[in-house]
Amino acid sequence: MAVGGTKPKPEFSEAESSAWVRDMFGRVAPRYDLLNRILSMQIDRLWRWRTARILKPWLQPQARVLDLCCGTGDLLVALEAVAPARYIGADFCFPMLVRTNEKSKSPLLEADGLLLPLQSDSLDLITIGFGFRNFVNYRSGLDELLRVLKPGGHLAVLEFTQPPNGLVRSFMGFWNRYVMDPIGRLVSGQGDAYQYLPESVSRFPNAPLLAQMMSERGFAEVSFQYFDAGIVALHLAQKPR
């Protein structure tokens, strides 16, 4: 389990890993939504909707909300549908932002989550949907998120995790290897991408460990809840007042 950050190849530096991930997402962007729908059987939409509903009490009209690693904008659109707020979508992959721009009228920002061009103590809420595991340095990423949040502001990370149930964990391993990998290769034409994506899930810290990392980096009120037998987990945390 890689607790430091994602590494598409063991020999890569952080800079090389970041460049590889950015290029990979740029290549799969045109068919990313289609593959998400096929491989999750539309359940990914439900996960984002449930997250948006849980976060609704924090989505006040004057709240400054950053949807980081917004990808093609599905979580951002779900948040916008639940409540008005001052939304910003951000991603470090420009082709993904092009797709987001087709769905959302919120301002968009091309930015790396490890070095956000935002003032300290400036955001009320940061959301990340299925993007945090692609950070090349998880602890530095949490430090940066803590920096830009206002005291009392919240962080919400929706991410794939290791199911606590062994049978579910075995099924997901089978699904990733024999369903996700070949279908992803066929539809996207990007074999390395759909080898990396399931591998990045298996290497990512499990939900209790990620919660522990959040607490160690200075977040308070850290909690998480599993969705659908622990396939994904929603982590919630707050910057101390």
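In what follows, the structure referred to is the one given above.
Structure report, in brief.

Criteria and cut-off values
Counting restarts for each chain: residues are numbered from 1 in the order of the written sequence. Per-residue local features are limited, in this predicted model, to residues with pLDDT of at least 70; the limit for side-chain atom pairs, both in listing and counting, is 80 or more; totals at the level of whole chains, interfaces and linings are taken over all residues. Note that water and hydrogens are dropped before the side-chain values are worked out from all heavy atoms of the structure. The rule for pairing is simple: two strands pair if DSSP sees at least two bridges between them. Comment: elements are numbered from the N terminus, with helices defined as DSSP H or I runs of at least four residues and strands as E runs of at least two. The convention used is that axes are lines fitted to C-alpha atoms, helices contributing only their stretch in contact, and that angles between N-to-C directions extend from 0 to 180 degrees. Here, two residues are considered to be in contact whenever any of their heavy atoms come within 4.5 Å of each other. With a 1 Å grid spanning the protein atoms alone, the term cavity applies to any set of points in which a 1.4 Å probe fits but cannot get out, the term pocket to an open set with protein on both sides within 12 Å along at least five of seven lines, and the term lining residue to any residue with an atom within 4 Å of a point. Grid points are joined across faces, edges and corners, and a volume is the space filled by probe spheres set on the points. Ten residues, namely Ala, Val, Leu, Ile, Met, Phe, Trp, Tyr, Cys and Pro, are considered nonpolar, four, namely Asp, Glu, Lys and Arg, are considered charged, and the remaining ones, Gly among them, are considered polar. Only protein chains enter the area calculation, which uses a 1.4 Å probe; residues under 20% of their type maximum are buried, those over 50% are exposed, and those in between are partly exposed. Whenever two N or O atoms come within 3.5 Å, that pair is a polar contact, provided that in protein one can donate a hydrogen and the other can accept it, and provided that, for residues adjacent in sequence, both atoms are side-chain atoms. For patch detection, residues must exceed 30% relative accessible area and be free of salt bridges, and they are connected within 9 Å for like charges or within 5 Å for nonpolar side chains (Val, Leu, Ile, Met, Phe, Trp, Tyr). Where accessible areas are quoted, they stem from the Shrake-Rupley method and a 1.4 Å probe; at the residue level, only the protein chains shown are allowed to cover. We define a salt bridge as a contact between a side-chain nitrogen of Lys or Arg and a carboxyl oxygen of Asp or Glu at a distance within 4 Å. Should an angle fall under 35 degrees it is taken as roughly parallel, and over 145 as roughly antiparallel, whereas 65 to 115 is taken as roughly perpendicular and any remaining angle as oblique. With its strands directed away from the observer, a crossover is right-handed exactly when the path from the first strand over the helix to the second travels clockwise.

Before going further, it helps to examine the sheet that holds strand β3 (residues 108-110). Strand order in the open sheet made by the 7 strands is β3-β2-β1-β4-β5-β7-β6, with mixed pairing throughout. Pairing within the sheet leaves two strands with one partner each, and these edge strands are β3 and β6 (220-227). Here the average twist between neighbouring strands, direction ignored, is 15°. Contacts from helix α6 (residues 138-148) reach β1 (64-68), β4 (123-129) and β5 (149-160), with the element oriented near 140° to β5.

A few words now on empty space enclosed by the protein. Counted under the stated rule, the structure contains 1 cavity of 30 Å³ or more. Of the voids in this model, the largest cavity is the one considered here, and its volume is about 350 Å³. Elements supplying a minimum of two residues to the lining of the largest cavity: α1 (14-28), α2 (32-40), β1 and α4 (74-82). For the lining of the largest cavity, the per-class residue count stands at 13 nonpolar, 9 polar and 5 charged.

The next thing to look at is α6. Listed in full, the buried residues belonging to α6 are Y138, G141, L142, E144, L145, L146 and V148. Along its buried surface, α6 packs onto β1, β4, β5 and α9 (207-216). Between a side-chain oxygen at the N-terminus of α6 and the backbone nitrogen of R139 the separation is 3.3 Å; the capping residue is N137.

The next thing to look at is a nonpolar patch on the surface. A cluster of nonpolar side chains, contributed by M41, I43, L46 and W49, occupies part of the molecular surface with about 400 Å² of accessible area. Looking at the secondary structure, you find L46 in helix α3 (residues 43-55). Judged by relative accessible area, L46 falls into the partly exposed class, the value being 39%.

Moving on, we get to the packing of α2 against α3. Close contact between α2 and α3 brings their axes to 7 Å; oriented N to C, the two are set at 100°. Regarding the angle of α2 to α3, the classification is roughly perpendicular. In this structure, α2 contributes N36, R37 and S40 to the contact, and α3 contributes I43, D44, R45 and R48. Looking at side-chain class alone, the contact of α2 with α3 contains 1 nonpolar, 2 polar and 4 charged residues.

Next up on the list: the pairing of β1. Within β1, 4 of the 5 residues are buried, which leaves the element mostly enclosed by the surrounding structure. Regarding the hand of the β-α-β motif, the stretch spanning β1, α4 and strand β2 (residues 86-91) is right-handed.

Moving on: the pattern of salt bridges. In total, this model carries 11 salt bridges according to the counting rule given. Between E199 and R203 there is a salt bridge whose closest N-O contact spans 3.6 Å. In this pair, E199 and R203 are both assigned in helix α8 (residues 193-203), 4 residues apart and thus about one turn of the helix distant. It is possible to trace a salt-bridge network through shared partners that takes in D33, D74 and K103.

What is shown is where atoms sit, not what they do.
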